Amino acid sequence: GDHTGDCPAVKWTAWDGKTTIVYDDDNTAYVYLSDDVTRTQTISVNSGKTLYLCLNGHSITCAADITKAFYATVVISYDARFVLCDCKGGGTITHTDDTVGKGVRVGSSSGSPATTSFTMFGGSISGNRVTDTCDEKDGGGVLVQNATFTMYGGAITDNHLEAATSNYGGGGLCTYNDGEFIM
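Presented here is a report on the structure given in the accompanying data block. (Residues numbered from 1 in each chain as written. Predicted model: local features only at pLDDT ≥ 70, side-chain atom pairs only at ≥ 80, totals over all residues. Heavy atoms only, no water.)

## Side note on the pairing of strand β18 (residues 173-176)
For a regular strand, the rule is simple: side chains alternate between the two faces of the sheet. Burial along β18 is one-sided: the face carrying Cys 174 and Tyr 176 is buried and the face carrying Leu 173 and Thr 175 is not. Across 4 bridges, the pairing between strand β14 (residues 142-145) and β18 is parallel. Within β18, the residue paired with Leu 143 across the bridge is Cys 174. (Buried < 20%, exposed > 50% of the residue type's maximum accessible area, 1.4 Å probe, protein only. Helix = DSSP H or I, 4+ residues; strand = E, 2+ residues; numbered from the N terminus. Pairing = 2+ DSSP bridges.)

## A look at the pattern of salt bridges
Inspection of every chain in the model, using the stated rule, returns 3 salt bridges. A salt bridge links Lys 102 to Glu 136, with the nearest nitrogen and oxygen atoms 3.8 Å apart. Here Glu 136 lies in the loop between β13 (129-131) and β14 and Lys 102 lies in the loop between β9 (92-95) and β10 (104-107), a separation of 34 residues in the sequence. A relative accessible area of 3% means that Lys 102 is categorised as buried. For Glu 136, a relative accessible area of 10% puts it in the buried group. Two residues, Glu 162 and Arg 129, come together in a salt bridge whose shortest N-O distance is 3.0 Å. Taken together, the residues span a long stretch of sequence, with Glu 162 in strand β17 (residues 160-162) and Arg 129 in strand β13 at a distance of 33 residues. In this structure Glu 162 comes out as partly exposed when scored by relative accessible area, which is 40%. Look at the salt bridges and you will find they share partners, linking Lys 102, Arg 105 and Glu 136 into a network. (Salt bridge = Lys/Arg side-chain N within 4 Å of Asp/Glu carboxyl O.)

## Re the state of the cysteines
Summed over all chains, the structure comprises 0 disulfides. Just so you know, Cys 134 is unpaired, no disulfide at all, and the nearest cysteine sulfur is the one on Cys 62, 11 Å from it. Cys 174 carries a free sulfur, and the closest cysteine sulfur to it, the one in Cys 134, is 13 Å from it. (Disulfide = S-S within 2.5 Å.)

## Overview of the nonpolar core
The biggest cluster of nonpolar side chains holds 29 residues, and the ones touching the most others in it are Leu 51, Leu 53, Ile 76, Phe 82, Val 104 and Phe 118. At 3 residues, the largest contribution of residues to this core is made by strand β2 (residues 28-33). Ignoring anything within four residues of it in the chain, the contact list for Leu 51 reads Ile 21, Tyr 23, Ala 29, Val 31, Val 45, Arg 81, Phe 82 and Val 83. (Core = buried A, V, L, I, M, F, W, Y, C linked by side-chain atoms within 4.5 Å. Contact = heavy atoms within 4.5 Å.)

## Side note on the pairing of strand β6 (residues 59-62)
Alternating residues of β6 divide into Ser 59 and Thr 61 and Ile 60 and Cys 62, and every residue in both groups is buried. Pairing between β6 and β9: 4 bridges, direction parallel. Note on β9: the bridge partner recorded for Ser 59 is Thr 92.

## Looking at the packing of aromatic side chains
A full pass over the atoms with the stated rule returns 7 aromatic pairs. Geometrically, the ring pair formed by Tyr 30 and Tyr 52 is stacked, given 4.4 Å between the ring centres and 15° between the ring planes. Separated by 22 residues along the polypeptide, Tyr 30 in strand β2 and Tyr 52 in strand β5 (residues 50-54) bring together distant segments of the chain. The interplanar angle of 25° and the centroid separation of 5.2 Å between the aromatic rings of Phe 82 and Phe 118 together place this pair among those described as stacked. (Phe/Tyr/Trp six-rings, centres within 6.5 Å; stacked < 30°, edge-to-face > 60°.)

## As for the side chain of Thr 99
Take Thr 99: it is sitting in the loop between β9 and β10. Polar side-chain contacts of Thr 99 include one of 3.4 Å to the backbone oxygen of Cys 62. Looking at Thr 99, its side chain comes within polar contact range of the side chain of Thr 96, at 3.0 Å. When sequence neighbours within four positions are dropped, the list of residues in contact with Thr 99 reads Cys 62, Ala 63, Ala 64, Asp 65 and Arg 129. (Polar contact = N/O pair within 3.5 Å; in protein donor to acceptor, adjacent residues only side chain to side chain.)

Written out as structure tokens, the structure is:
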């Protein structure tokens, strides 16, 4: 709950949601949000990196239209891992009401589900929407391509697909091209 408990293998670091995340020698970072944050850019988990993010009861709100293909509030690249939790509850990955874009995008057109993953233990992905202005008109909440999304807890709610045409659909969740969802 406070990220200071006895866990000798892991050191959690407070993160303001705006500064660059620092990864250790193993290309892994354990961060928790120290406050609500509004961003205008994607949070990227790049290839070879593993990010553990605890929302800590706070929200990440995107205040910019994230309409390009492969963009979202959080993007997990090929051969990267993202683990989301929320020890205090109430934390959300979302967009402002007047902006569009996905909540989380996992994977890419290359790669395999064995090397690219998103694991969700808590938190909420809510209030995201994809419209005709988006390059990629699928998966408002979470889009999984050539990757694996495992959901143990949390919620994916109130995400919308408002595009006239869509390849695969999915207001809340869309998987395709060897995308895998395990709940």
